[in-house]
Amino acid sequence: MKPPDKATVIQVLRDISLLLQMKGENPFRSRAYDSAADRLAGLSEDLGALLRDGRLQELPGIGQAIADKVSELLTTGRLASYEALRAELPAGVLELVRVPELGPKKAVLLARQLGVDSVDALEKACREGRVRQVAGFGEKSEANLLAGIELYRRSNNPRRLLGEVLPVAERLLASVQTLPGVIRASVGGSLRRRAETVGDVDLIASAAGASAVFDAFCAAPEVAHVIGRGESKCSVRLHEKDLQVDLRVLPDEDFATALHHFTGSRAHHVRLRGLAQERGLKISEWGVHRADGTKLHVPDEAALYRLLDMQYIPPELREDTGEIEAALAGKLPEDLVTWEDLQGAVHAHSTWSDGKNSLEEMARAAQALGLKFLTVTEHSQASIYAGGLKEDDLRRQWEEIDRVNDSVKGVRLLKGIEVDILESGALDYTDAVLEQLEVVIGSVHVRHGMDEDQMTRRLLKAFDNPHLHILGHPTGRMLPSREPYPLRMEEVLDKAAERGVVVEVNGKPERLDLKTEHVRMALERGVKLVVSCDAHRAVDLGNLAFSLGTARRGWARRGDVLNTLSAEQFIATLRKQRAA
DNA sequence: GCCGTTTTCGGCCCGACTGTTTTCAGTCG
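Residues numbered from 1 in each chain as written. Chains lettered and ligands numbered in written order. Predicted model: local features only at pLDDT ≥ 70, side-chain atom pairs only at ≥ 80, totals over all residues. Heavy atoms only, no water.

By the naming in an unreviewed UniProt entry, chain A is DNA-directed DNA polymerase, taken from Cystobacter fuscus. According to UniProt, the comment filed for chain A under the heading Catalytic activity (unreviewed entry) is "DNA(n) + a 2'-deoxyribonucleoside 5'-triphosphate = DNA(n+1) + diphosphate". (UniProt positions renumbered as here; feature names shortened; annotations may be inferred.)

Draft legend 1. Representation of the layout of surface pockets. One number sums up the size of the second largest pocket: a volume of about 250 Å³. Lining the second largest pocket are Pro 167, Lys 508, Pro 509, Glu 510, Asp 534, His 536, Arg 537, Val 539, Asp 540, Gly 542, Asn 543 and Phe 546. Of the residues contributing to the lining of the second largest pocket, the split by class is 4 nonpolar, 3 polar and 5 charged. (1 Å grid on protein atoms, 1.4 Å probe; cavity = no way out; pocket = protein on both sides within 12 Å on 5 of 7 lines; lining within 4 Å. Points joined across faces, edges and corners; volume = space filled by probe spheres on them. Nonpolar A, V, L, I, M, F, W, Y, C, P; charged D, E, K, R; others polar.)

Draft legend 2. Layout of the domain arrangement of chain A. Looking at chain A, the domain boundaries give domain 1 (1–89), domain 2 (91–155), domain 3 (160–250), domain 4 (256–328) and domain 5 (339–579). One C-alpha centre belongs to domain 3, the other to domain 4; they are set 23 Å apart. Of the residues lining the interface, 14 residues belong to domain 3; the matching set on domain 4 comes to 15 residues. Both faces combined, the contact of domain 3 with domain 4 buries some 1,100 Å², and carbon together with sulfur accounts for 59% of it. A per-residue breakdown of the area domain 3 buries against domain 4 is headed by Arg 192, Arg 193 and Leu 250, which together make up 58% of the total. (Domains from an automatic or database assignment. Contact = heavy atoms within 4.5 Å. Buried area = accessible area lost by both parts, 1.4 Å probe.)

Draft legend 3. Fine view of unusual backbone geometry. At the junction of Gly 264 and Ser 265, the peptide bond is cis and its omega measures out at -5 degrees in the coordinates. Here Ser 265 shows up in the loop between α13 (255–263) and α14 (266–278). The amide bond that connects Asp 513 to the next residue, Leu 514, takes the cis arrangement and shows omega of 5 degrees. Within the secondary structure layout, Leu 514 lies in the loop between β16 (502–506) and α22 (516–524). Phi is positive for Asp 320, close to 55 degrees, though the residue is something other than glycine. Note on placement: Asp 320 falls in the loop between α15 (301–307) and α16 (323–328). We classify Asp 320 as buried; its relative accessible area is 7%. (Helix = DSSP H or I, 4+ residues; strand = E, 2+ residues; numbered from the N terminus. Buried < 20%, exposed > 50% of the residue type's maximum accessible area, 1.4 Å probe, protein only.)

Draft legend 4. Seen up close, the environment of Arg 130. Looking at the element boundaries, Arg 130 is found in the loop between α8 (119–127) and α9 (139–154). By relative accessible area, which is 25% here, Arg 130 ends up partly exposed. Sequence spacing of Arg 130 and Gln 113 is 17 residues, and the spatial spacing of their C-alpha atoms is 9.9 Å. Those residues within four positions of Arg 130 in sequence are excluded, and the remaining contacts are Leu 114, Lys 124, Ala 125 and Glu 142. Only 2.8 Å separates the side chain of Arg 130 from the side chain of Glu 128, close enough to count as a polar contact. (Polar contact = N/O pair within 3.5 Å; in protein donor to acceptor, adjacent residues only side chain to side chain.)

Draft legend 5. Representation of helix α10 (residues 162–176) within the structure. Here α10 contains 15 residues, and its C-alpha end-to-end distance of 20 Å stays within 8% of the 21 Å for a straight helix at 1.5 Å per residue. Within the sequence span of α10, burial applies to Leu 162, Gly 163, Val 165, Leu 166, Val 168, Ala 169, Leu 172, Leu 173 and Val 176. (Expected span 1.5 Å × (residues − 1).)

Draft legend 6. Region of interest: the pairing of strand β4 (residues 201–207). β4 sits mainly inside the fold: 7 of its 7 residues count as buried. Neither face of β4 is left uncovered, since the one carrying Val 201, Leu 203, Ala 205 and Ala 207 and the one carrying Asp 202, Ile 204 and Ser 206 both have all their residues buried. The pairing of strand β2 (residues 182–187) with β4 spans 5 bridges and is antiparallel. Within the sheet, the bridge partner assigned to Ser 186 lies in β4 and is Ile 204. Relative to strand β7 (residues 244–250), β4 runs parallel, the two being bridged by 6 bridges. Looking at β7, one finds that Ile 204 is bridged to Arg 248. (Pairing = 2+ DSSP bridges.)

Draft legend 7. The protein's contact with DNA strand B, seen in detail. The immediate surroundings of DNA strand B are formed by 44 residues, with Arg 31, Gly 63, Gly 138, Ser 141 and Arg 273 found nearest. Near-protein atoms of DNA strand B (within 4 Å) split between backbone and bases, with sugar and phosphate holding 77%. Between a phosphate oxygen of DNA strand B and a main-chain N or O atom of Ala 65, the distance comes to 3.5 Å. One nitrogen or oxygen atom from the main chain of Gly 103 is found 2.7 Å from a phosphate oxygen belonging to DNA strand B. When contributions to the surface near DNA strand B are tallied by element, the ones reaching two or more residues are α2 (27–41), α4 (64–76), α7 (104–114), α9, β5 (223–229), α14 and β8 (281–284). Here the element with the most residues in the surface near DNA strand B is α2; it accounts for 5 residues. (Near = heavy atom within 4 Å.)

Draft legend 8. Examining the pattern of salt bridges more closely. Under the defined criterion, the tally for this structure stands at 47 salt bridges. A salt bridge links Arg 229 to Asp 215; its shortest N-O distance comes to 2.9 Å. Remark: Asp 215 occurs in helix α12 (residues 210–218) and Arg 229 occurs in strand β5; sequence separation between them is 14 residues. For Glu 423, the salt bridge is made with Arg 447, and the minimal N-O distance between the two is 2.4 Å. With a gap of 24 residues between them, Glu 423 in the loop between β13 (412–420) and α19 (431–434) and Arg 447 in the loop between β14 (439–443) and α20 (452–463) connect regions that are remote in the sequence. By relative accessible area, Arg 447 is classed as partly exposed at 44%. Linked by salt bridges that have partners in common, Glu 452, Asp 453, Arg 457, Arg 488 and Glu 491 make up one network. (Salt bridge = Lys/Arg side-chain N within 4 Å of Asp/Glu carboxyl O.)

Draft legend 9. Expanded view of the packing of helix α1 (residues 6–23) against helix α5 (residues 80–88). One way to put it is that α1 packs onto α5 with a least axis distance of 10 Å and a crossing angle of 40 degrees. Regarding the angle of α1 to α5, the classification is oblique. In this structure, α1 crosses over α5, and the sense of that crossing is left-handed. Along the contact surface, α1 presents Val 12, Asp 15, Ile 16, Leu 19, Leu 20 and Lys 23, while α5 presents Tyr 82, Leu 85, Arg 86 and Glu 88. For the contact of α1 with α5, the residue count by class is 6 nonpolar, no polar and 4 charged. (Axes fitted to C-alpha atoms, helices over the stretch in contact; angles between N-to-C directions. Parallel < 35°, antiparallel > 145°, perpendicular 65-115°, else oblique. Left-handed = near helix turned anticlockwise from the far one by under 90°.)

Draft legend 10. Spotlight on the packing of aromatic side chains. Enumeration over the complete set of coordinates arrives at 2 aromatic pairs. A centroid spacing of 5.9 Å and a plane angle of 90 degrees characterise the contact between Tyr 305 and Tyr 312, whose relative ring orientation is edge-to-face. In this structure Tyr 312 comes out as partly exposed when scored by relative accessible area, which is 35%. Its guanidinium or amino end placed over the ring of Trp 555, Arg 520 lies 4.3 Å from that ring's centre, counting from NZ or CZ. (Phe/Tyr/Trp six-rings, centres within 6.5 Å; stacked < 30°, edge-to-face > 60°. Lys NZ or Arg CZ within 6 Å of the ring centre and 35° of its normal.)

What follows is the structure, given as structure tokens:
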């Protein structure tokens, strides 16, 4: 039997946490399973390797009991205590808790009292007015459950892609900033941390009074429905993409601590608040207080970290994956790559292959973003479906690139290719053509079905070609629909480091490939990166922001990312990397 | 269930909102 993958282990731990809550167990025991799941989710190392080396228990939050359970699950494919727990509770409860508004306690109550064992059965019970007969439930509960069921049905995975949501959120933020009385406002939540997917949008604003702000916010044309509204929080659902937006409005003196609180992550906060306790401080969204109730002045987030004697931690790093220890020791990198550092955008297509805009339009879009160069990397001949270029087409394209470079000032198009890495690991052009190009990205586009061994060897073989500069979207995943192809990432990155192959952090919202954990693995090995936009339209140059966010989440510094160099240095460095 | 530079027992982050309640439990983030 195939051993369960990491995602399965994480899911089982989360299920155990829920089942323990259903049983009414000690909530801290339940939380321990959740924390362990969080820890594994943020892990860059291979779970199987940790198990083999007996190092599972070295992970904070994983002790003897959970390590044993993970071990049992990984080695036997089953977990007896989990199965026993499931058997103790009514069937279907783990499905029921996926309905928003329905938590473990209510789910088990309804399952026991009404015999509902599925979301369908729950809906029927609501419609027949049976739910309101259960103590603690009323007519409103029924209506809310029906609304929750509809939401649950509309999308099995309610999390949206960062690249879909961020532009919507930033537009909304701009309008909130103009509402009456608003002093400061920011995006918060996993969106601010640049997680690859986000569940909803958190906006935090400061103003003298919340009421007028909420009135205006709820009346905005993009708002479809007001979910709830209290003293400091208001939740709405937008017409656009069915997105839920939570707006918090607080006095300006509480803005920094509120922004910090609603940025998360939960794991980061738990650690930080523990540290605060040791210093006799209490942190909440309403400020930092001493035990005697004195409130400390916290004008911005940096001040909050200073109170705990640690370096400022940027939002993208707040996941409790080592950033707290580093910040306490003063070892957090202070030169994480920023938007301002970027001089060029990597990976763009034009109408020469499957792009929608001309070379000149792409150049002008790059110019408008203040970029100094853009690498034009069309598909190669094997990618017939994507209008891949024959070698002759390429030469004609170079003439047009020269013309555009003469006419559009301040930005330079680099002559490149996204060449297919064929099934054999060979590249899809002759060396005679490849050596004339300034930028060669090699990517896998066909035959994803190879097994782990075959795919690993395919990539390593491609590294043998000295003209390959950059490995493009290394795992081929597409969120949420296509799994990454199987690959021994450690081996690929080891070899990339050894051979000077640069690795792409692809910024297309569905890809974000490398993902965060792999970025860290690459950097630990000294692999150099490019952040890319994989643009097929001029507007896609904005994908660079998503790639940048992923690189920062992986702790990438300015010097790790080659498109922070000038065009000349960029080209020279790509060549030098491979010559070394 | 995890954890420990006073502790191997006794803590564990913190609060808003809702619906159902007359003081709180459940859910969410």
